[in-house]
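Architecture and fold: a report
Here is how the chains run, residue by residue.
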Amino acid sequence: PQAHTFGEACIYHITFSSTDDDGGSTSTSEDVVIVGNSDQIRSAGYWRHQYRGRGKIHFSPEELQCYLDIVGHMSTFFNEEVDVSTPAAAEDVLNPAASRGDVRVQFDRQLLAVWLNFANGAIEYDELVDTDFDLVPDTELITFLCAAEAARLDENTPDSELEDLKDLLEAINLLDDSST
């Protein structure tokens with residue numbers, strides 16, 4: 001058996017191959033997602049600052065791009081419906097002034113921040129989050145994100161439902177008091 005340690009949070013394409021003693025061989029490839037090891041969930045404003053690239057930045061350009069690659073790989077919404085494949089595109093989505101009161105744009109901002117927190121390792125995909133504001137975590141993050149993305153993708157979802165989901169996403173992004 002071979003072991004490999006990945007040094008940085010990113011997506012890695014790996015190939016497994018084997019050859020038997022008769023010369024037969026086979027191989028298979030998979031993508032491996034390695035997330036960061038942060039212990040602090042950050043707000044959408046924090047992430048905008050990081051992707052804006054001014055002032056004190058905590059990540060290298062390569063790390064920020066890897067986080068976007070993780071988001072694009074894990075999300076069924078980002079890059080298919082809303083482009084966040086580059087730091088400039090992500091900064092546009094994270095810019096609160098871009099919403100002009102549009103709940104869908106506000107939703108996208110909070111959704112991207114949750115995915116970035118996941119990529120940074122601050123929240124696990126199977127971590128329970130509170131989805132009914134009763135202060136009791138009740139739903140795995142990935143289950144909630146899938147449902148939220150499905151609602152956002154459905155053009156018949158009323159704005160009031162998207163507003164509620166946006167509020168839940170924002171609450172996740174503000175779980176740590178020191179995230180601003």
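Structure's up top.
Read on for a plain summary of the structure. Keep in mind it's a predicted model, so treat the numbers as computed, not measured. (Residues numbered from 1 in each chain as written. Predicted model: local features only at pLDDT ≥ 70, side-chain atom pairs only at ≥ 80, totals over all residues. Heavy atoms only, no water.)

**Remarks on the nonpolar core**
Counting residues in each nonpolar core, the largest one holds 42 residues, and the members touching the most others are Trp47, Tyr51, Tyr67, Phe78, Leu112 and Leu116. Those elements giving two or more residues to this core turn out to be α1 (44-52), α2 (61-74), α3 (87-94), α4 (103-119), α5 (141-153) and α6 (159-173). Leave out the neighbours within four places in its chain, and Leu116 touches Trp47, Tyr51, Tyr67, Leu68, Val71 and Leu94. (Core = buried A, V, L, I, M, F, W, Y, C linked by side-chain atoms within 4.5 Å. Buried < 20%, exposed > 50% of the residue type's maximum accessible area, 1.4 Å probe, protein only. Helix = DSSP H or I, 4+ residues; strand = E, 2+ residues; numbered from the N terminus. Contact = heavy atoms within 4.5 Å.)

**Some thoughts on a negative patch on the surface**
There is a patch of like negative charges on the surface, built from Glu124, Asp126, Glu127 and Glu140. By the secondary structure assignment, Glu127 is in the loop between α4 and β3 (128-129). Glu127 gets classed as partly exposed once you look at its relative accessible area, which sits at 30%. (Patch = residues over 30% accessible without salt bridge, like charges linked within 9 Å, V, L, I, M, F, W, Y side chains within 5 Å. Areas by Shrake-Rupley, 256 points an atom, 1.4 Å probe, with all protein chains shown as cover. Salt bridge = Lys/Arg side-chain N within 4 Å of Asp/Glu carboxyl O. Lys, Arg positive; Asp, Glu negative; His and termini not counted. Charge placed at Lys NZ, Arg CZ, Asp CG, Glu CD.)

**Considering the pattern of salt bridges**
For the structure on display, the rule yields 5 salt bridges. Here Glu163 ties to Lys166 by a salt bridge, and the two come within 3.3 Å at their closest N and O atoms. With a gap of 3 residues between them, Glu163 and Lys166 both fall in helix α6, about one helical turn apart. Each of Glu163, Lys166 and Asp167 takes part in a single network of salt bridges with overlapping partners.

**Topic: the packing of aromatic side chains**
With the rule as written, the count across this model stands at 6 aromatic pairs. The interplanar angle of 65° and the centroid separation of 5.4 Å between the aromatic rings of Phe59 and Tyr67 together place this pair among those described as edge-to-face. Each member of the pair Phe59 and Tyr67 is classed as buried. Relative to Phe118, the ring of Trp115 lies with its centre 5.8 Å away and its plane at 85°, an arrangement referred to as edge-to-face. Note that Trp115 and Phe118 are positioned in helix α4 at a spacing of 3 residues, about one turn of the helix. With relative accessibility at 2%, the residue Trp115 sits in the buried group. For Phe118, a relative accessible area of 6% puts it in the buried group. A connected cluster of aromatic rings, assembled from ring pairs, spans Tyr46, Trp47, Phe59 and Tyr67. (Phe/Tyr/Trp six-rings, centres within 6.5 Å; stacked < 30°, edge-to-face > 60°.)

**Some details on the pairing of strand β2 (residues 25-34)**
For strand β1 (residues 10-19) and β2, the ladder comprises 10 bridges, and the chain directions are antiparallel. Note that in β2 the partner of Thr15 across the bridge is Ser29. Hairpin connection of β1 to β2: 5 residues between the antiparallel strands, including Gly23 at a positive phi of 90°. (Pairing = 2+ DSSP bridges.)

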